[in-house]
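For reference, the chains in residue letters:
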Amino acid sequence: MRTESLIPATERRELKDRRKTATVEFRAQMSFEDETNPWLAQEARFDFAAHKLKLDDGMWKVLRQPTRELIVHIPVGMDDGRIEVFTGYRVQHSISRGPCKGGVRYAPDVSLDEVRALARWMTWKCAVVNIPFGGAKGGIICDPHKMSQGELERMTRRYTAELMEFIGPEKDVPAPDVGTNEQTMAWMMDTYSMHMRQTVTSVVTGKPVNMGGSRGRLEATGRGISIICDHAIQHLGMQVQDCRVIIQGFGNVGSNAAKLLFEKGYRILGIAEYDGGLYNPNGIDISALLRHRAQAGSVVGFTGAETVDPHELITRECEILVPAATENVITSRNAADLKCRILCEGANGPTTMVADDILAEKGVFVLPDILANAGGVTVSYFEWVQDRMGYFWNEAEVNRRLDLIMTEGFHDVIAYAQTHNVNNRIAAYMLAIDRVSFTAKQRGMYA
């Protein structure tokens, strides 16, 4: 029997119009606020890639929206006797290819739009490197730097308890992200295990090695970036010794990428951090910088390079620029000033869609986030596998398997770009959407 659609007619027309224009025309009319909205950014890229794939309307609607969005309000007893209530989120985008997978971030600016976007990004990222997960993401609005360990533990355990029905080794497997670490994952794993009345190590990844964590997990994202850079310069006919690199962000991802690239012979010209930038035209000794930071707690004051403005540093001439910190670092306001040959995205969503168009006109070879930083989720997958079989690989084996998966992912994306005559980012999205939609169609729609 025919029934009236629940989607308003105006909304259906807007969706149809968007598909026709493939998101190109409205980009130029976007406000800066819309340009830097992570949900709108990944939505526009999805729409464009789906249009190129000629994805049917039904699957388009299915993949555009998350499967589940959870909002929890978490009461926490603070050290001074107050009770504070924190807002937390968990968004699960897709379970077509396997359990959901995605990090948990603690930050003052966490929003539902951001978590939605990151969950969908995780679906595409897992599909690009062909590992059997769907995407999820979680977060709590808080400032972890202003909270004690006791407060963080109580907040983490209550958040985990609120999600008990929705997470698990076969449902949704959290991991660390911005503002969280292996200790956070240990608390989550223990809380879940206490409710299950048995130790369940595979409920989270990114745990300490002695609790079922994988060797090589800490360096995995940075190692994946270095592998992708190797293949990119080989593809473009460049040599390691001729490659100058600037890295924005010197946290876990940026510092490990810098260390591994430095060890391979790349010349690291600059490091841009939130509290200052470093530049040396002859190359920075990354080993010495890591020792300095371990002692000083910051890259500031390092004598092996001159101090520069970190915002200006990313626009200096180099062969490879690696944004490895946060979203929206490269926008319509600075994209035209970039002087890199290769942009390798270590962070999630560092480049806005308007900036993408500018970089395409400049001929910058973009290695998109859903490929370039997939090393972390790949080794998280290895950790989940090892936990479930109760047998753990040495670090050399982990790195060998990571190299194989990242290499295959790079070549798959490049082949898609060449076959469909699109840039690398759209090729990565098309590859991911194709894989997820194919599996979803094979499974069919449960009703």
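Draft legend 1. Inspection of the sheet that holds strand E10 (residues 320-323) at higher detail. Strand order in this open sheet of seven strands is E9-E8-E7-E6-E10-E11-E12, and the pairing throughout is mixed. One side of each edge strand has no neighbouring strand; the edge strands of this open sheet are strand E9 (306-308) and strand E12 (365-367). For this sheet the average axis-to-axis angle between neighbouring strands, irrespective of direction, equals 20°. Where strand E11 (residues 342-344) lies against E12, three bridges are found, and the strand directions are parallel. Across the sheet, Ile342 pairs through a bridge with Phe365, a residue of E12.

Draft legend 2. Summary view of the packing of helix H4 (residues 38-53) against helix H5 (residues 57-64). Contact geometry for H4 and H5: axes closest at 11 Å, N-to-C directions at 160°. Accordingly, the angle class assigned to the pair H4 and H5 is roughly antiparallel. Once H4 is placed against H5, the crossing between them reads as right-handed. Taking contact as the criterion, the partners of Trp39, Glu43, Phe46, Asp47, Ala50 and His51 in H4 are, on H5, Trp60, Leu63 and Arg64. For the contact of H4 with H5, the class distribution of residues is five nonpolar, one polar and three charged.

Draft legend 3. Expanded view of the pattern of salt bridges. As enumerated under the stated definition, the model contains 32 salt bridges in all. One salt bridge in this structure joins Lys137 and Asp177, with 2.8 Å as the shortest N-O distance. Remark: Asp177 occurs in the loop between strand E5 (172-176) and helix H8 (182-196) and Lys137 occurs in strand E4 (residues 134-141); sequence separation between them is 40 residues. Of the residues examined, Lys137 reaches a relative accessible area of 2% and is grouped as buried. One salt-bridge network, in which partners are shared between bridges, spans Arg45, Glu345, Asp356, Asp369 and Arg425.

Draft legend 4. Representation of the sheet that holds strand E1 (residues 68-77) in the model. Here we have five strands laid out as an open sheet, ordered E1-E2-E4-E3-E5, and mixed in their pairing. Looking at strand neighbours, the two that pair on one side only are E1 and E5, the edges of this open sheet. Here the strands of the sheet are splayed against their neighbours by 25° on average, with no regard to which way each runs. Across ten bridges, E1 lies against strand E2 (residues 83-92) in antiparallel orientation. Its bridge partner lying in E2, Leu70 is registered against Arg90.

Reading the values: rules and limits
- Residues numbered from 1 in each chain as written.
- Predicted model: local features only at pLDDT ≥ 70, side-chain atom pairs only at ≥ 80, totals over all residues.
- Heavy atoms only, no water.
- Pairing = 2+ DSSP bridges.
- Helix = DSSP H or I, 4+ residues; strand = E, 2+ residues; numbered from the N terminus.
- Axes fitted to C-alpha atoms, helices over the stretch in contact; angles between N-to-C directions.
- Parallel < 35°, antiparallel > 145°, perpendicular 65-115°, else oblique.
- Left-handed = near helix turned anticlockwise from the far one by under 90°.
- Contact = heavy atoms within 4.5 Å.
- Nonpolar A, V, L, I, M, F, W, Y, C, P; charged D, E, K, R; others polar.
- Salt bridge = Lys/Arg side-chain N within 4 Å of Asp/Glu carboxyl O.
- Buried < 20%, exposed > 50% of the residue type's maximum accessible area, 1.4 Å probe, protein only.

These results come straight from atomic positions and should not be treated as a statement about function.
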